[in-house]
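# Structural overview
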Amino acid sequence: MSYYVAHRLFAAHDRALAAQLAHHLAQKLGEDHVFLPFCDTDEEDLVADVKGRRLFELDRERLRRIRALIAIVHGPSPDDGVCMEIGHAAARGVPVILLTTDFQEYSTTPDGPHTHFPDPLLDALATRIVRTPRLAAITQPSGTSRFADFALRNQVQVQQAIEACVDAALQLPAPTKSTTRVRADSTVYVEPSPYALSQHPLPDLVRCPSVTVIGPTRFSAGDPLTAARQDWATVLCSDRIVVDATGPETPPGAALLIGAACATGLPAAAYLPRSTYTHAAGREPNRRNLMIQYSVDALLNSEEEVTAWIGG
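A brief report on the enclosed structure follows. (Residues numbered from 1 in each chain as written. Predicted model: local features only at pLDDT ≥ 70, side-chain atom pairs only at ≥ 80, totals over all residues. Heavy atoms only, no water.)

We now examine the nonpolar core. Counting residues in each nonpolar core, the largest one holds 52 residues, and the members touching the most others are Leu69, Ile86, Leu98, Trp232 and Ile241. Sort the elements by how many residues they give to this core and helix H8 (residues 252-264) lands first, with eight residues. Here Leu69 is in contact with Tyr4, Ala6, Leu63, Glu85, Ile86, Ala89, Val94, Pro95, Val96 and Ile97, once residues within four sequence places are set aside. Core analysis: the second largest hydrophobic core is formed by 23 residues, Ala22, Val34, Ala169 and Leu172 among them. (Core = buried A, V, L, I, M, F, W, Y, C linked by side-chain atoms within 4.5 Å. Buried < 20%, exposed > 50% of the residue type's maximum accessible area, 1.4 Å probe, protein only. Helix = DSSP H or I, 4+ residues; strand = E, 2+ residues; numbered from the N terminus. Contact = heavy atoms within 4.5 Å.)

In C-alpha cells:
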C-alpha cells in the first residue's frame with residue numbers, strides 16, 4: 001500500500017513542490033510506496049481514446065488501495081481535484097495529512113472561531129494538519145539582494161514544511177475500516193455553492209415532495225468543526241446528494257462530498273447551469289476538473305434536470 005501525494009496539477013511550482021515532498025517521503029519508505037499523480041500516471045505522454053477518463057480511472061484505482069493521503073492545500077480556493085481525493089480517502093477511513101504554508105486563517109464572521117481552511121469540512125476530515133505559515137529565518141544572507149534573501153527564506157520555509165509533513169506521515173495511525181452506514185430512504189443532501197449568484201439557489205430548485213432535503217449547517221454554526229463533522233455524517237447516510245458546482249472551480253465542500261460519493265457508491269450529481277470548459281493537449285474538453293467530471297453520476301444543467309434526477 002502506498003502514500004498518495006495529492007496536489008494541484010496546473011502550475012509548475014505546484015508540481016515541483018509535490019515532487020519534492022514525494023522524493024523526501026520515498027527516501028524514507030522507498031519509491032514503490034509513494035504515488036505522485038501526473039508523474040506516475042504519465043500525464044504528459046499518456047495516449048488514450050478518452051484521456052481524461054483514463055487518468056481518472058488510474059487515480060481512482062490507486063486511491064482504493066493507499067495507506068495514507070498527503071494533500072497540499074493552499075489559499076482561499078483549494079483545488080477541487082485535490083478536495084475530491086481528500087473526500088475519497090476520508091470516506092474510506094484512510095488517514096489524511098493536509099500540508100499548508102498559508103499564513104491566513106478563516107472564519108465566517110469577523111469575530112467567529114477560526115479554521116485553517118476556508119471550508120471547515122477540510123479541517124474536520126484531516127487526521128493531521130501540518131502548517132508552517134511563517135517565513136523561515138536565514139542565518140547566512142545571500143549577500144546579493146533583498147529579493148534573493150526573500151527567495152531563500154521561502155525555500156527554507158518549504159523545506160521545513162516538507163520535513164514536518166514526512167515526519168507526520170511516518171507517525172500516522174493505521175487506516176480504519178469505513179463504517180457501514182444505513183442510508184435514509186428518500187433523503188437528499190443538497191450542498192449549495194458559495195459562489196452562486198442566482199436568486200434561486202440550488203436548495204430552492206429541489207421540488208420533489210416525496211423527498212426530504214437536508215443542507216449543510218457548518219457555515220452558520222457557532223462551532224463550525226462540530227457542525228462540519230455532523231454534515232459529513234449526514235451526507236454518508238443520505239440516499240443521494242446534489243452539489244452546486246457553480247464557481248471558477250467546484251467549491252471545496254462540494255468536491256469533498258463528490259469524493260466521498262465516489263468512494264462509497266453514493267449516487268451524486270453536480271448542478272452546473274453554466275460551464276467553462278478546460279482544454280489540455282491530448283484531452284477531450286472537460287466541464288470541470290476531470291476528478292469531478294468523472295466521479296459524478298450526472299451533470300445537471302437546469303431545474304427540470306435536478307427534479308428529474310432526484311425523483312428518478
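Moving on from the coordinates now.
To continue, consider the packing of aromatic side chains. Inspection of the entire model under this criterion finds two aromatic pairs. Between Tyr4 and Phe35, the aromatic rings sit 5.1 Å apart at their centres with planes inclined by 40°, giving tilted as the arrangement. Remark: Phe35 occurs in strand E2 (residues 34-35) and Tyr4 occurs in strand E1 (residues 2-6); sequence separation between them is 31 residues. Accessibility assignment for this pair places Tyr4 and Phe35 in one class, buried. The interplanar angle of 35° and the centroid separation of 6.1 Å between the aromatic rings of Phe56 and Tyr294 together place this pair among those described as tilted. Of this pair, Phe56 sits in helix H2 (residues 51-63) while Tyr294 is found in the loop between helix H9 (290-293) and strand E10 (298-300), placing the two residues 238 residues apart along the sequence. Under the relative-accessibility criterion, Tyr294 is labelled buried at 13%. Positioned above the aromatic ring of Phe38 is the side chain of Arg15, whose terminal nitrogen or guanidinium carbon lies 5.1 Å from the ring centre. A cation over a ring is seen here: Arg240 above Trp309, with NZ or CZ 4.3 Å from the ring centre. (Phe/Tyr/Trp six-rings, centres within 6.5 Å; stacked < 30°, edge-to-face > 60°. Lys NZ or Arg CZ within 6 Å of the ring centre and 35° of its normal.)

Attention shifts here to the packing of helix H7 (residues 224-236) against H8. Running from amino to carboxyl end, H7 crosses H8 at an angle of 40°, the nearest separation of the two axes being 11 Å. On the basis of their axis angle, the class for H7 and H8 is oblique. As H7 packs across H8, the resulting crossing turns out to be right-handed. Contacts between H7 and H8 involve Trp232, Val235 and Leu236 on the former and, on the latter, Leu256, Leu257 and Ala260. Partitioned by chemical class, the residues of the contact of H7 with H8 number six nonpolar, no polar and no charged. (Axes fitted to C-alpha atoms, helices over the stretch in contact; angles between N-to-C directions. Parallel < 35°, antiparallel > 145°, perpendicular 65-115°, else oblique. Left-handed = near helix turned anticlockwise from the far one by under 90°. Nonpolar A, V, L, I, M, F, W, Y, C, P; charged D, E, K, R; others polar.)

Note that Arg183 resides in the loop between helix H5 (146-170) and strand E6 (187-191). Note on Arg183: relative accessible area 31%, which makes it partly exposed. Separated by 53 residues in the primary sequence, Arg183 and Leu236 have C-alpha atoms spaced 7.4 Å apart. If we skip the residues at most four places from it in the chain, Arg183 touches Leu236, Cys237, Ser238, Thr264, Gly265, Leu266 and Pro267.

This part is about the sheet that holds strand E7 (residues 212-214). Strand pairing within a sheet occurs via backbone hydrogen bonds; the two strands may be parallel or antiparallel. Taken in spatial order, the five strands line up as E7-E6-E8-E9-E10 in an open sheet, and their pairing is parallel. What marks the edges here is a single partner per strand, and that holds for E7 and E10. Direction aside, neighbouring strands of the sheet carry axes that sit 25° apart on average. As defined by bridge partners, E6 adjoins strand E8 (residues 240-244) across four bridges and the pair is classed as parallel. Opposite Glu191, over in E8, you have Val243 as the bridge partner. (Pairing = 2+ DSSP bridges.)

Once that is clear, we can look at H8. Since the α-helix advances by 3.6 residues per turn, residues separated by three or four positions end up pointing in the same direction. Compared with an ideal rise of 1.5 Å per residue, which puts 13 residues at 18 Å, H8 spans 19 Å between its outermost C-alpha atoms and is within 8% of the ideal. By the criterion of burial, H8 is predominantly enclosed, with eleven of the 13 residues buried. Three or more residues of H8 are buried, namely Pro252, Gly253, Ala254, Ala255, Leu256, Leu257, Ile258, Gly259, Ala260, Ala261 and Cys262. Of the residues flanking the end of H8, it is Gly265, one or two places downstream, whose phi is positive at about 80°. (Expected span 1.5 Å × (residues − 1).)

What is shown is where atoms sit, not what they do.
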